[in-house]
Structures are given as structure tokens and as C-alpha cells.
Amino acid sequence: ERRHVVLYAITAALALSEGVYDLVFAIMAYSVSGHASSVAATYAVGYVAEIAVTILGAGFLDYFDKRKLFTRAQYVKIALFGSFVALGAAAPLSGPAIWSYAFAIDLVHHYSRLAIFALITALFDKRELPAIQAVNGVLGGITQIASPLVGALAIGLFGTTSALGVSVALQPAGDVAGGGAS
């Protein structure tokens, strides 16, 4: 069914996108400082963003159309990627600038993931949910394992900053899994 395919495609695209941009930001932070601690800091700001969204953003989802929130979050993320690339093209980026963008993009990214998680229960029959969540979880795990490989390939082919174009291309936007959801 179309809804299943779209959900699984979104799950895979989000995981692959995250792997690419995480690797790009980590490499950029390391290249600016030359210290492994800057890589750790880059990943840490992403985890802080994820925790913040989980604690503060989850209740917010209950009051709005999850499909619209997901789509708007995707467009915000694309705009953040664009402004990061433009800023980086204009001048060399500092570690704090990279970490700020990493935090903002991860914040929006994890909000998107939370919106999809909440949307699943509105799009599918309760009897289908265990099987859908199982397939979605396995697919998400596999793509999270593969995502650093995709990131490394993108960096090798396009260069560090330009590899963010792969993350942009992986941003699902528009109609999310069809059907009405609140």
C-alpha cells in the first residue's frame, strides 16, 4: 500500500540525511580546530537537540496537524542547510558557527522524526501498528548503519560542504503518507 511505502521511504531518507550531515559537520569542526574534542562537541550538540525536542517538543505535537508540522520542519531544515552553505561560501566557518547549525538542524530534524512517529498512529489501523513499527524500526536501524557510508561517499564525490546537497535531496517534504491526519 502507498502509505506503507511512503512511510518507509521517509524513515530511510531521514536516517540517511542525518548520517550525511552529522559526518559533514564533524569533519568540518575537526578541520577548523584539529582536535578530536571538536568532533565530540559536534555530536554532543546534536544529542542535546534531540533531548530538548523529546522533553519540550513532544506535547506541542498534540495540538497541531502533524503532517503540516512535518512538512514545515522539512522546509525549515532545507533553509538552514542553504544558509549554512551560503555562509560557508562567504567566509570560513568557526567551530561555534558549525555547532550552532548542527544544533539547529538536529533540533528540526528530531522534531520531524517525532512528528512522523506521532503521525503513524493516525495513518494506520491499530491492528497494523505492531508490524508497521517493526518494519519501520528495522529499516531505520539499517539505514542508520548505512548512513555514514553514504556520507563518506557523498563527501568523497562532492567535497565536504557540497555533500550537504545530498542531505537536502533526502529531505522528504510535501504529502506525508497520504490521507488525513491531525
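In short, a report on the structure. It should be emphasised that the depicted structure is a prediction, and the values quoted were computed from it without experimental measurement. (Residues numbered from 1 in each chain as written. Predicted model: local features only at pLDDT ≥ 70, side-chain atom pairs only at ≥ 80, totals over all residues. Heavy atoms only, no water.)

### Looking at the overall build of the protein chain
Of the regular secondary structure elements, the protein chain holds six helices and zero strands. Moving toward the C terminus, one meets the helices and strands of the protein chain in the order α-α-α-α-α-α. The globule rule puts the C-alpha radius of gyration for 182 residues at 16 Å, and the 17 Å found for the protein chain is close to it. By the burial criterion, 44% of the 182 residues in the protein chain qualify as buried. With the model as given, the accessible surface of the protein chain reaches about 8,900 Å², and the carbon-plus-sulfur share is 70%. Charge centroids of the protein chain, computed over 10 positive and 10 negative side chains, lie 7 Å from each other. (Helix = DSSP H or I, 4+ residues; strand = E, 2+ residues; numbered from the N terminus. Rg over C-alpha atoms; globule rule 2.2 N^0.38 Å. Buried < 20%, exposed > 50% of the residue type's maximum accessible area, 1.4 Å probe, protein only. Areas by Shrake-Rupley, 256 points an atom, 1.4 Å probe, with all protein chains shown as cover. Lys, Arg positive; Asp, Glu negative; His and termini not counted. Charge placed at Lys NZ, Arg CZ, Asp CG, Glu CD.)

### A short note on the packing of aromatic side chains
Within this structure, the stated rule accounts for four aromatic pairs. Through successive ring pairs, a cluster of aromatic residues spans Y21, F25, F81, F84 and Y101. (Phe/Tyr/Trp six-rings, centres within 6.5 Å; stacked < 30°, edge-to-face > 60°.)

### Concerning the pattern of salt bridges
Overall, the coordinates contain three salt bridges when judged by the stated rule. R3 is the salt-bridge partner of E1, the closest N and O atoms lying 2.7 Å from each other. Measuring nitrogen to oxygen at the nearest pair gives 3.0 Å for the salt bridge that ties E18 to R113. Of this pair, E18 sits in helix α1 (residues 2-33) while R113 sits in helix α4 (residues 95-123); the two residues are 95 residues apart in sequence, bridging distant segments of the chain. Here R113 falls in the partly exposed class, since its relative accessible area comes to 32%. (Salt bridge = Lys/Arg side-chain N within 4 Å of Asp/Glu carboxyl O.)

### Structural notes on a nonpolar patch on the surface
A surface patch of nonpolar side chains, about 360 Å² in accessible area, is lined by I51, I55 and L56. With respect to the helices and strands, the residue I51 is situated in helix α2 (residues 36-61). (Patch = residues over 30% accessible without salt bridge, like charges linked within 9 Å, V, L, I, M, F, W, Y side chains within 5 Å.)

### Notes on the side chain of H4
Along the chain, H4 turns up in helix α1. With a relative accessible area of 15%, H4 lands in the buried category. Here H4 is in contact with F124, E128 and I132, once residues within four sequence places are set aside. (Contact = heavy atoms within 4.5 Å.)

### Overview of the nonpolar core
Ranked by size, the top nonpolar core spans 23 residues in total, and within it V24, F25, F84, I98 and L164 carry the most contacts. When residues of this core are traced back to their parent elements, those giving at least two are α1, α3 (66-90), α4, α5 (129-158) and α6 (164-169). In terms of residues, this core owes the most to one element, α1, which gives seven residues. Beyond its immediate chain neighbours, meaning those up to four positions away, L164 contacts Y21, V24, F25, F81, F84 and V85. By size, the runner-up hydrophobic cluster in this structure holds 19 residues, among which are V53, L61, F70 and F124. (Core = buried A, V, L, I, M, F, W, Y, C linked by side-chain atoms within 4.5 Å.)

### Overview of α1
Over its 32 residues, α1 extends 46 Å from the first C-alpha to the last, a length consistent with the 46 Å expected when each residue adds 1.5 Å. In terms of residue burial, α1 counts as a mostly covered element, since 24 of its 32 residues are buried. G34 sits one or two residues past α1 and shows a positive phi near 75 degrees. (Expected span 1.5 Å × (residues − 1).)

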